[in-house]
Amino acid sequence: MILQKLLFPDPGICSRVRMYYKGDNLTVLMGDEACIIPKGEILSTHTYFNSFSVGKWRKYTIVSNLSLRLRLQGEFSLRLRHACKMNNKIRDIVIGEKHVCMENTGDVTMPISMEENSGVYYFELKALCEDARFLGGAYETKMDPACVADVKLAIGICTFRREPYVAHNMQVLRTHILENPESPLYQKLEVFISDNGKTLDPSLQTEQIHLFPNRNLGGAGGFTRAMIEIMKSSKEKHFTHLMLMDDDIRLNPDSLLRTYTLLCLLKPEHRDAFIGGHMLKIDAANIQSEAADHWDIVTHHPVKYNYDLEKLEFIIKNEIEDSVNYLSWWYCCMPINVVSENNLPLPIFIKRDDIEYGLRNGKKFITLNGICVWHEAFEYKYATYLEYYYFRNMCIMNARHRLSMT
């Protein structure tokens, strides 16, 4: 079973090579999903998308065995490494090494211990011949199918006149998941869009993408409409999880696949967890605006703000779990049983609705390197009229949850 596919840059999603692979003089062929490594050079995956969060996979899931499978052509020195934070420093050591010689293209597998309880695994490939090629691979596990939970996802989107974003993201979903029989999420995912502006092209609708023209009831009303429609549909389609997602994001389809795999393998005691996606800046794709949030009565505090995810230091820091008490709805997945007719968002139009709902229902929150969306930074979206909603809804939340400044 594939836990995490090794990804390549994609111009339609993220083309920053150093978010995927690092090394001097590498030739990364995006369309062909291949990398040519000159003799003597090293390809490394101490990167945001292709390192493996061993600590979190061990803590939250039933995974007990792990292997790295690589598709290669040529002669290589393969090194497996473990990096974590220890005594306020980065500890980065070699935990396995293998010589590989593949005259023709083929797969090589390396078993990995699941004993580490923090940090990330990554690998290095040193080319020992000319024109050595790396052609992808995955982190995998052997799993009894009876132990894998049956997961079915429903995405709820609230939109107001964001037609280009929504159309692009729906096309990404159709290409990579909804109309791709090779995807593990094929026939395991549907989308429910509350169209508050009533401006979306009806042709976006398919058997898996459902449009609902809605009054302009703000984010709270729009997401509530999506939740209600998902609950209605779930009586027949039996969704297990609901994902709330902003309309003005650039979607990473592999985030959905990693979320799905994580949900399938959660330990029973963690199946009530909310899964969140990191928010990366749409105009600076390697910069993380925030990983999650903490509300402290007066305002929200972004957790892991302004991280440069091309640096190993911040990839490791992302693995450390800070105090989080809600996940924002640019990418927030929750068990479907959280939502009911008597447990919907407060009708507060805009702002803080996701905070209040998270404070009310969230118990555990999981984020993972590689699960993300790209979003316009909030400092670019500020308007003075929003102060009214910020302050009013802060008072509502603090009263609702008996929070006090004294």
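Everything below is about the structure shown above.
We now turn to the structure provided with this report. (Residues numbered from 1 in each chain as written. Predicted model: local features only at pLDDT ≥ 70, side-chain atom pairs only at ≥ 80, totals over all residues. Heavy atoms only, no water.)

Overview of the pattern of salt bridges
Working step 1: Tallied over the full model, the rule gives 23 salt bridges.
Working step 2: Here Lys 5 and Glu 33 are joined by a salt bridge, their closest N and O atoms 3.9 Å apart. Taken together, the residues span a long stretch of sequence, with Lys 5 in strand β1 (residues 2-5) and Glu 33 in the loop between β2 (27-29) and β3 (34-37) at a distance of 28 residues.
Working step 3: The class of Glu 33 is partly exposed, set by a relative accessible area of 36%.
Working step 4: In this structure, Lys 232 engages Glu 229 in a salt bridge whose closest nitrogen and oxygen atoms are separated by 3.8 Å. With a gap of three residues between them, Lys 232 and Glu 229 both fall in helix α3 (residues 218-237), about one helical turn apart.
Working step 5: You can call Lys 232 exposed: its relative accessible area is 52%. (Salt bridge = Lys/Arg side-chain N within 4 Å of Asp/Glu carboxyl O. Helix = DSSP H or I, 4+ residues; strand = E, 2+ residues; numbered from the N terminus. Buried < 20%, exposed > 50% of the residue type's maximum accessible area, 1.4 Å probe, protein only.)

Some thoughts on the pairing of strand β11 (residues 209-213)
Working step 1: Taken across its five residues, β11 has four buried, putting it largely inside the fold.
Working step 2: Alignment of strand β10 (residues 189-195) against β11, held across five bridges, turns out to be parallel. The partner of Ile 193 across the bridge, within β11, is Leu 211. (Pairing = 2+ DSSP bridges.)

Section: helix α4 (residues 253-264)
Working step 1: Helix length check: α4 (12 residues) gives 17 Å between terminal C-alpha atoms against 16 Å at 1.5 Å per residue, within 8%.
Working step 2: α4 sits mainly inside the fold: 11 of its 12 residues count as buried.
Working step 3: Taken as a whole, α4 has its buried residues at Pro 253, Asp 254, Ser 255, Leu 256, Arg 258, Thr 259, Tyr 260, Thr 261, Leu 262, Leu 263 and Cys 264. (Expected span 1.5 Å × (residues − 1).)

Topic: the layout of surface pockets
Working step 1: What the second largest pocket holds in volume is close to 940 Å³.
Working step 2: Looking at which element gives the most residues to the lining of the second largest pocket, the answer is α4, with seven residues.
Working step 3: Considered class by class, the residues forming the lining of the second largest pocket number 22 nonpolar, nine polar and 10 charged. (1 Å grid on protein atoms, 1.4 Å probe; cavity = no way out; pocket = protein on both sides within 12 Å on 5 of 7 lines; lining within 4 Å. Points joined across faces, edges and corners; volume = space filled by probe spheres on them. Nonpolar A, V, L, I, M, F, W, Y, C, P; charged D, E, K, R; others polar.)

Quick notes on the packing of aromatic side chains
Working step 1: Enumeration over the complete set of coordinates arrives at 17 aromatic pairs.
Working step 2: Between Phe 192 and Phe 239, the ring centres sit 5.8 Å apart and the planes meet at 90°, which makes this aromatic pair edge-to-face. With Phe 192 in strand β10 and Phe 239 in the loop between α3 and β12 (241-245), this residue pair connects regions lying 47 residues apart in the sequence. Each of the two residues, Phe 192 as well as Phe 239, counts as buried.
Working step 3: Ring plane angle 75° and centroid distance 5.1 Å describe the contact between Tyr 388 and Tyr 389, whose orientation is recorded as edge-to-face.
Working step 4: You can call Tyr 389 buried: its relative accessible area is 18%.
Working step 5: Here the aromatic residues Phe 8, Tyr 21, Phe 123 and Phe 134 are joined through ring pairs into a cluster of three or more. (Phe/Tyr/Trp six-rings, centres within 6.5 Å; stacked < 30°, edge-to-face > 60°.)

Considerations on the environment of Glu 319
Working step 1: Note that Glu 319 resides in helix α5 (residues 312-319).
Working step 2: Taking relative accessible area as the criterion, Glu 319 reaches 9% and is therefore assigned buried.
Working step 3: Sequence-wise, Glu 319 and His 176 are 143 residues apart; in three dimensions their C-alpha atoms are separated by 27 Å.
Working step 4: Every residue in contact with Glu 319, bar those within four places of it in the chain, is listed here: Ser 53, Lys 56, Gly 119, Val 120 and Asn 369. (Contact = heavy atoms within 4.5 Å.)

Overview of the nonpolar core
Side chains that are nonpolar tend, in soluble globular proteins, to be buried together.
Working step 1: By size, the foremost hydrophobic cluster in this structure holds 87 residues, and its most contacted members are Leu 70, Phe 123, Leu 125, Phe 134, Leu 173 and Leu 256.
Working step 2: Looking at this core, the element that brings in the most residues is strand β5 (residues 66-86), giving seven residues.
Working step 3: Residues contacting Leu 70, with those up to four places away along its chain left out, are Leu 6, Leu 78, Gly 106, Asp 107, Val 108, Phe 123, Leu 125, Phe 134, Gly 136 and Gly 137.
Working step 4: By size, the runner-up hydrophobic cluster in this structure holds 24 residues, among which are Met 231, Leu 244, Ala 292 and Ile 336. (Core = buried A, V, L, I, M, F, W, Y, C linked by side-chain atoms within 4.5 Å.)

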